[in-house]
Amino acid sequence: MDYFLTEEQVMIRDLARQIAEEKIVPQREELDEKEEFPWDIMKVLAQSDMFGLFIPEEYGGLGKGCLELAIAVEELSRACLGVSTTYAANALGTYPLLLYGSEEQKKKYLPDIAAGKKLVAFGLTEANAGSDAAGIQTTAKLEGNEYVLNGTKQWITNGGEAEIYTIIAMTDKSKGARGASAFIVEKGTPGFSFGKKEKKMGIRASTTRELIFENCRIPKENIIGREGMGFIVAMKTLDNSRVGVGAQGVGVAQGAFDEAVKFARQRVQFGHPIISFQAIQHMLADMATQIEAARALVYSVARYIDSGAKDISKASAMAKLFATDMAMKVTVDAVQVMGGSGYMREYPVEKMMRDAKILQIYEGTNQIQRNVIGQALIKEAAKKK
Amino acid sequence: MPIVVDKEKCTGCESCLEVCPYDAIDIKDDKAVINEYCQMCMACLPVCPEGAIKEIQEAAEEPTNLEDYEGVWVFAEQRDGTVASVAYELLGAGRRLADELKTELSAVLFGASEQEANELIRWGADKVYLCEDPTLKHFNDEPYAGLLSSLINTYKPEIVLAGATPIGRSFIPRVAAKLRTGLTADCTSLNIDSETRNLLQVRPAFGGNIMATILCPNRRPQIATVRPRVMKRNEYDSNRTGEIINVKAEDLASRTKIIETVKEVSEVSVNLQEADVIVSGGRGLGGPKGFEMLKELAGLLEGAVGASRAAVDEGWIPYSHQVGQTGKTVCPKIYIACGISGAVQHLVGMQSSDIIVAINKNPEAPIFNVATYGIVGDVYEVVPMLIKKIKELKGK
Amino acid sequence: MNIVVCIKQVPDAAEVKINPETGTLIREGVPSIINPYDMHAIEAAVQIKEKTSGKVTAITMGPPQAETALRDAISLGVDEAILLTDKAFAGSDTLATSYTLSKTIEKLSPDIIICGKQAIDGDTAQVGPEVAEFLNIPHVAYVRKIEDIGEKSIRVQRLMEEGYDVVESTLPVLLTVVKELNEPRLPSLKGKMAAKKAEIKKWTAADIGADEKDVGLKGSPTQVKNIFAPEPKKDRQMLEGTPEEQTDALIKKLMELKCL
């Protein structure tokens, strides 16, 4: 379908696709198998200006928005969700700076991020604070000109590989959610170390680690926004990034669908390619329709965010929810269309199915997305009265 | 001699568009127009049903005094003082051309000894221009180009042949440019047009998809390079005598300097070029796994494994295995082509093999045109059966 | 460093097909690309620029359509591009092409000129060294590594039949490069946007002060007499039957040849 992309958006899509096909597809199997972080692909993305896509021009970026980022993420996800997770998590970690960072902070960090010289990670989740973000136990105490951080962040994408970390920690536990603040912590700061690399079901090219803070002292000016703004920073960040997770869903589903169609045209049973059978056609038809519906929603929400809309929580939650539930279903169906071959590691679809599962879990499980949507519905209904 | 379209006769039928290998014909206002892509290959002339495409005999440049030039030369390259075998192959071709022109065959040898010069005579040269200067022992473009062009200016041969090796391909173009004459690279056959005494130089063209005959009618000398293992040597005659002319180098100054020479021989390439049997695979193998099967077959036949450019470009096997115009030229006793369609650029690298076996699904594949034995069939059916049967035979 | 890269637009070799009946080429729908070896030349030039600062100019000779190759070069980091286009250049062989390029390069006075080792359509590998000769500067062919670049000299590795030579040359110099030299980058978004806006200079024979008798057909000593498909071998024998019968027949032949 034609989404009336601008000339520049088409350019971004084509280049991301070229990177995916030429640099990612040949490596994805090995990256998954060896659970290797794709540094050389990060270098290619950096050289192609992909890291600067959504960063304003005055900081060395291209000044594009959510839609352009979604288009790039979708194309990368079509080839490998592990690689695209690394790329998208970088954007996730950057949003706090972009949305609430001071001029000095932006000047200091954004140019290196835009150039792909430094990767970023976002640290919110903890052992006792996943869906319930109010359970955060990591603390930041102001001592003179420094904040002292203590605590452990869990399952942090790009942990250990990134140079810059945006961290949510409690500055005042007594205030609950209003007592959280956001900070910038650089790799190499004394007292800041990493736990072991987690072994995952899918997205194995991406790195997931614990971030450990033991009396980690950071300059006072590393706070993002003001004390107590931590939750707003985190929520707004997730509102912006969720549509990107939706784009990941569209991408991985499209990738699996393409493989299924290719296979169905070649595989001959009962004397005919299996694509000629209605049983297969109907499955493919449903898959294609669901992908297109999800893409239409993701692109619309991205455009809505780019329009400067303020209240985006519900829309972005819908995009994430719909597109990632769809991705799970379509990747499972792709394996089914391909039968025994689909289950074998020789073909890429079993990896896509394993990878897709994370999309329903991270950046807010799809149950939490439904909560977000539900709460918005209540609010809207209350307003009408 | 530009190609033009007679607008009166042209009906705009577009027959010429398809045959033009250069996209050099456009249709404007329903008439064919030749654009600047045109290379004057004349492929369009015979296909025009109206005879509307013509070659205009424009007053060509005045030929240089062609009759001042006589004799066939071979530039004999040496490495570490030993003449490279391509030089002997060129003497084989050069001898035939010289005999046809009823003229002399001379070799030019730089940086080697008289002993090597005598070898060139025994392989067919009448004369050898020898410069023993030790500065020429190692190849360097500027002194080589300077000396060879000054010898050509002095002695005026009509034809100069050189090996299409890293050495020949590097400095011979400089010689051609100094002399403002034509050079044809990688010729696969050389003949004389008896009427004009012109050298007919045949080489692959258009990415090696087709052959072209190239002429250099108005300037001399006519210079051509030929890849190793394309031409056949003459008989070696240990009693043959000839004249060695010692030449002195005048100016061997160079702005490039060789700091170090490092030997690094690819075992694969050597095996490929010396093997009696080569089992080669192409795009028809469908993936890198097919080469495992070919390796097994090659092992049973004590041969080496080759590949077409398509298979190498796909990344199924390293470049060192590539046979063809941009890979190695090979000449084994038996060449078995599996799933290779046989583009010209591949054929020129293997067609001088003694026996060629082609296995391909497509009966129209051009590889069958050069095959001694052809099998139309699936490589994945034929080759495994071949392996099984050879194993059974060997087991007995 | 002021660097000039000579590039050529060629049909994508993988896509060219032959009409089996007429033996002629089918070029319809075949995409045009930058000659693959020239991609390595561009990468080398851009890398040198990044290290030493300076400017990279890409030049190509060809019809107006060749402008797309120059825009692609800009998206890869080239700063300026010149298209040599003139009816007078039509029918150029390697000598006339080299003359034309050299007249252009004279006007740019670069420190280094980089070309791909050959173009995949012609495969002659002649233009680089001939351009160097016309410019009266040294050249090094088949460069596989650039070891060092100084103010007035450069040290490179040149691929030879049995290994490589380390060669030092004065500047200016012309290099022809092989694939081993580097891994060409993909375009960048900023590069692509710059390429879209860039002004491609178009120079004619008059602009470069070329002598009309040395360019195009007049300046080309070689001519294509004819083109043809190779003749089929006359003594060919097809081995017919079931795969098993075919295999048996082949084994018999291999035994006759004492290969088994």
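What counts, and at which threshold
Residues numbered from 1 in each chain as written. Chains lettered and ligands numbered in written order. Predicted model: local features only at pLDDT ≥ 70, side-chain atom pairs only at ≥ 80, totals over all residues. Helix = DSSP H or I, 4+ residues; strand = E, 2+ residues; numbered from the N terminus. Rg over C-alpha atoms; globule rule 2.2 N^0.38 Å. Buried ≥ 20, exposed ≤ 12 C-beta atoms within 10 Å, placed from the backbone. Contact = placed C-beta atoms within 7 Å. Nonpolar A, V, L, I, M, F, W, Y, C, P; charged D, E, K, R; others polar. Pairing = 2+ DSSP bridges. Axes fitted to C-alpha atoms, helices over the stretch in contact; angles between N-to-C directions. Parallel < 35°, antiparallel > 145°, perpendicular 65-115°, else oblique. Left-handed = near helix turned anticlockwise from the far one by under 90°. Arc of directions from axis to C-beta. Domains from an automatic or database assignment. Core = buried A, V, L, I, M, F, W, Y, C linked by C-beta atoms within 7 Å.

### Focus: the overall build of chain A
Then, in step 1: Across its full length, chain A carries 10 helices and 10 strands.
Then, in step 2: Its C-alpha atoms give chain A a radius of gyration of 21 Å, near enough to 21 Å, the size a compact globule of 385 residues would have.
Then, in step 3: Summarising its shape, the C-alpha atoms of chain A cover approximately 80 × 55 × 40 Å along the three principal directions.
Then, in step 4: Counting over 385 residues, chain A shows a buried share of 52%.
Then, in step 5: Partitioning the intrachain contacts of chain A with sequence separation of at least 6 by distance along the chain shows that 75% fall at a separation of at least 24.

### Observations concerning the overall build of chain C
Then, in step 1: Secondary structure summary: chain C contains six helices and 15 strands in total.
Then, in step 2: By principal-axis analysis of the C-alpha atoms, chain C measures approximately 70 × 40 × 40 Å.
Then, in step 3: With 260 residues in all, chain C has 55% of them scored as buried.
Then, in step 4: Long-range contacts, defined here as pairs at least 24 residues apart, represent 69% of the contacts in chain C between residues at least 6 apart.

### Observations regarding the interface of chain B and chain C
Then, in step 1: Facing 86 residues of chain B, the contacting portion of chain C comprises 77 residues.
Then, in step 2: In terms of residues, the side of chain B that touches chain C owes the most to one element, helix α5 (residues 166-179) of chain B, which gives nine residues.
Then, in step 3: The class makeup of the residues in the side of chain B that touches chain C is 46 nonpolar, 20 polar and 20 charged.
Then, in step 4: Direction of pairing for strand β17 (residues 256-263) of chain B relative to strand β11 (residues 163-170) of chain C: antiparallel, over a ladder of seven bridges. Bridge pairing in β11 of chain C places Ile-258 of chain B opposite Val-167 of chain C.

### Topic: the interface of chain A and chain C
Then, in step 1: The interface of chain A with chain C comprises 10 residues on the first partner and seven residues on the second.
Then, in step 2: Among the secondary structure elements, those contributing two or more residues to the side of chain A that touches chain C are α1 (7-34) and α2 (39-47) of chain A.
Then, in step 3: Residue composition of the side of chain A that touches chain C, by class: six nonpolar, three polar and one charged.

### Some details on the arrangement of the chains
Then, in step 1: Most contacts, compared over the two pairs of chains touching, are made between chains B and C.
Then, in step 2: Where chain A comes nearest to chain B, the C-alpha atoms are still 10 Å apart, and the two do not contact one another.

### Digging into the sheet that holds strand β10 (residues 153-160) of chain C
Then, in step 1: An order of β17(B)-β11(C)-β10(C)-β9(C)-β12(C)-β8(C)-β1(C)-β6(C)-β7(C)-β13(C) is seen for the 10 strands of this open sheet, with the pairing classed as mixed. Bordering the open sheet on either side are β17 of chain B together with β13 (201-203) of chain C, each of which pairs with just one other strand. Strand-to-strand twist of the sheet, defined as the mean angle between neighbouring strand axes without regard to direction, takes the value 30°.
Then, in step 2: Across three bridges, the pairing between strand β9 (residues 139-149) of chain C and strand β12 (residues 173-177) of chain C is parallel. Along β12 of chain C, the bridge assignment pairs His-139 of chain C with Leu-174 of chain C.
Then, in step 3: Packing of α5 of chain B onto the sheet brings it into contact with β9 and β10 of chain C, and relative to β9 of chain C it is tilted by some 100°.

### Remarks on the environment of Lys-43 of chain A
Residue and element names in this part refer to chain A.
Then, in step 1: Position of Lys-43 among the secondary structure elements: in helix α2.
Then, in step 2: Judged by local crowding, Lys-43 falls into the partly exposed class, with 13 C-beta atoms found within 10 Å.
Then, in step 3: In this structure the C-alpha to C-alpha distance between Lys-43 and Gly-160, which are 117 residues apart in sequence, comes to 17 Å.

### Considerations on the packing of α1 of chain A against helix α3 (residues 66-79) of chain A
All names here are of chain A.
Then, in step 1: At a minimum axis distance of 8 Å, the contact between α1 and α3 shows a crossing angle of 25°. Taken together, the axes of α1 and α3 are roughly parallel relative to one another. For the crossing formed where α1 meets α3, the hand is right-handed. In this structure, α1 contributes Gln-9, Ile-12, Arg-13, Ala-16, Arg-17, Ala-20, Glu-21, Ile-24, Val-25 and Arg-28 to the contact, and α3 contributes Leu-67, Glu-68, Ile-71, Ala-72, Glu-75, Leu-76, Arg-78 and Ala-79.
Then, in step 2: Residues that form the contact of α1 with α3 fall into these classes: 10 nonpolar, one polar and seven charged.

### So, the packing of helix α3 (residues 94-108) of chain C against helix α4 (residues 127-135) of chain C
Residue and element names in this part refer to chain C.
Then, in step 1: Direction vectors running N to C along α3 and α4 enclose 50°, while the axes themselves pass 8 Å from each other. In terms of orientation, α3 lies oblique with respect to α4. In the packing of α3 onto α4, the handedness of the crossing is right-handed. Packed against α3, whose contacting residues are Thr-94, Leu-95, Thr-97, Ser-98, Tyr-99, Leu-101, Ser-102, Ile-105 and Glu-106, the element α4 presents Val-127, Glu-130, Val-131, Phe-134 and Leu-135 at the interface.
Then, in step 2: When its residues are assigned to classes, the contact of α3 with α4 shows eight nonpolar, four polar and two charged.

### Points about the environment of Lys-289 of chain B
Residue and element names in this part refer to chain B.
Then, in step 1: Assignment of secondary structure puts Lys-289 in helix α7 (residues 289-300).
Then, in step 2: Residue Lys-289 is classed as exposed on the basis of its 10 C-beta neighbours within 10 Å.
Then, in step 3: As a C-alpha pair, Lys-289 and Trp-316 span 27 residues in sequence and 8.0 Å in three-dimensional space.

### Re the sheet that holds strand β22 (residues 373-376) of chain B
Then, in step 1: Across the sheet, which stays open at both edges, the six strands sit in the order β19(B)-β18(B)-β20(B)-β21(B)-β22(B)-β15(C) with parallel pairing between neighbours. Only two strands of the sheet have a single neighbouring strand rather than two, namely β19 (304-307) of chain B together with β15 (237-238) of chain C.
Then, in step 2: Where strand β18 (residues 277-281) of chain B and strand β20 (residues 334-338) of chain B come together, five bridges link them in parallel fashion. Following the sheet pairing, Val-277 of chain B is matched in β20 of chain B by Ile-334 of chain B.
Then, in step 3: Each of β18, β19 and β20 of chain B touches α7 of chain B; the most contacted strand, β18 of chain B, lies at about 170° to it.

### Comments concerning the pairing of strand β14 (residues 210-215) of chain B
A regular strand places its side chains on the two faces of the sheet in alternate fashion.
Then, in step 1: Here β14 of chain B lies mainly inside the structure; five of its six residues are buried.
Then, in step 2: Here strand β13 (residues 198-205) of chain B runs beside β14 of chain B; their pairing, made up of five bridges, is antiparallel. Bridge assignment links Val-202 of chain B to a residue of β14 of chain B, and that residue is Thr-213 of chain B.
Then, in step 3: Relative to strand β14 (residues 223-228) of chain C, β14 of chain B runs antiparallel, the two being bridged by five bridges. Of the residues in β14 of chain C, the one forming a bridge with Ala-212 of chain B is Ile-227 of chain C.

### Notes on α2 of chain A
Each turn of an α-helix holds 3.6 residues, which means side chains three or four residues apart point in the same direction.
All names here are of chain A.
Then, in step 1: Where α2 is concerned, the buried positions are Ile-41, Met-42, Val-44 and Leu-45. Buried residues along α2 cover an arc of 160° about the axis, so they all sit on one side. Exposed side chains of α2 directed beyond 90 degrees from the buried face belong to Trp-39 and Asp-40.
Then, in step 2: Along its buried surface, α2 packs onto α1 and α4 (81-100).
Then, in step 3: Phi for Asp-49, located one or two positions after α2, is positive at around 70°.

### Considering the domain arrangement of chain A
Residue and element names in this part refer to chain A.
Then, in step 1: On domain assignment, one finds that chain A holds domain 1 (7-118), domain 2 (121-228) and domain 3 (231-384).
Then, in step 2: Here the C-alpha centroids of domain 1 and domain 2 sit 22 Å apart.
Then, in step 3: At the junction of the two partners, domain 1 supplies 23 residues and domain 2 supplies 20 residues.
Then, in step 4: Every element with two or more residues in the side of domain 1 that touches domain 2 is listed here: α1, α4 and α5 (103-114).
Then, in step 5: Looking at which element gives the most residues to the side of domain 1 that touches domain 2, the answer is α4, with 12 residues.
Then, in step 6: Taken together, the residues that form the side of domain 1 that touches domain 2 break down as 12 nonpolar, seven polar and four charged.

### A look at unusual backbone geometry
Then, in step 1: Omega for the bond connecting Arg-220 of chain B with Pro-221 of chain B falls within 30 degrees of zero, at -5°, which places this linkage in the cis form.
Then, in step 2: A cis amide bond links Leu-171 of chain C to the next residue, Pro-172 of chain C, at an omega of -5°.
Then, in step 3: Here Pro-172 of chain C is to be found in the loop between β11 and β12.
Then, in step 4: The backbone phi angle of Glu-363 of chain A is positive, close to 55°, even though this residue is not glycine.
Then, in step 5: Here Glu-363 of chain A is to be found in the loop between α9 (349-356) and α10 (366-384).

### With respect to the nonpolar core
Then, in step 1: Residues Leu-120 and Leu-161 of chain B together with Val-5, Ile-42, Ala-73 and Ile-114 of chain C are the most contacted members of the largest nonpolar core, which totals 206 residues.
Then, in step 2: Counting residues in hydrophobic clusters, the runner-up holds 126 residues, among them Leu-149, Phe-231, Ala-294 and Ala-356 of chain A.

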